Amino acid sequence: MRCATLPSLPGPGPAQRSRLALPVVPVHVEMPPIAFQETAFPLADLQSYSLRERAALDTPQAVKDYLQLHLANKKHECFAVLFLDNQHKLLALEELFRGTLAQTSVYPREVVLRALHHHAAAVVLAHNHPSGTVQPSRADEALTQALKAALALVDVRVLDHMIVAPGLALSMAEKGLV
């Protein structure tokens, strides 16, 4: 490999010119294999580990703010669940069902299975209203009660059902609907 030489100009001295004229050669370094047994947590759980390190979602406003980031600007209706431990620390947020502009189908059996999968002690139900209004419909109220009953059978508490839209959020628990 040949390098171009630099002309004699005032400025960099011979040592600096020699560094500037060196070709860039890729270097291959052999690294020992990673011992997965030595890590503090499984590498597959990196995302859930970082979620568990966050502060508890212990106020309706904290949950509203969190859900605004994740659901408010979706163009279709989404139903999601925040899975929480006994201290209301977030285990996972999962978007379980996706619907159309105005509705989505929610299956209580699937919500219960995911709660058991995450070993959740409590959940916060959430969905967005792409229309921009956060008023709960009769169907929202009926769904909340059906999910509350299904999850109670496996000792998982429903703390709230949040409805979010761009710039707005409503806690059904604050309205006495949970």
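Definitions and limits used
- Just so you know, the residues in each chain are numbered from 1, in the order the chain's sequence is written.
- For a predicted model such as this one, the threshold for reporting local features is a pLDDT of at least 70, and the threshold for listing and counting side-chain atom pairs is 80 or more; totals across whole chains, interfaces and linings nevertheless cover every residue.
- Side-chain measures here rest on the full set of heavy atoms in the structure, leaving out hydrogens and waters.
- Strands here are runs of E lasting at least two residues and helices are runs of H or I lasting at least four, both read from the DSSP assignment and numbered beginning at the N terminus.
- Type-normalised accessible area, obtained with a 1.4 Å probe on protein chains alone, sets the label of each residue: buried when under 20%, exposed when over 50%, and partly exposed for intermediate values.
- By definition in these notes, contact holds between two residues if any of their heavy atoms fall within 4.5 Å.
- The method behind every accessible area is Shrake-Rupley, applied with a 1.4 Å probe, and residues are considered shielded solely by the protein chains displayed.
- Salt bridge, as used here, is a side-chain nitrogen of Lys or Arg placed within 4 Å of a carboxyl oxygen of Asp or Glu.

(A) Looking closely at the overall build of the protein. The secondary structure content of the protein amounts to 5 helices and 5 strands. N-terminal to C-terminal, the α/β element order of the protein is α-α-α-β-β-α-β-α-β-β. Per-residue burial for the protein yields a buried fraction of 33% across its 178 residues. Sequence separation of at least 24 residues holds for 64% of the intrachain contacts in the protein that already meet a minimum separation of 6. Surface accessibility of the protein: about 11,500 Å² in total, with carbon and sulfur atoms responsible for 58%.

(B) The arrangement of the pattern of salt bridges in detail. The full count for this structure, using the stated rule, is 5 salt bridges. A salt bridge links Arg98 to Glu95; the shortest N-O distance between them is 3.5 Å. Residue classification places Arg98 among the exposed positions, given a relative accessible area of 56%.

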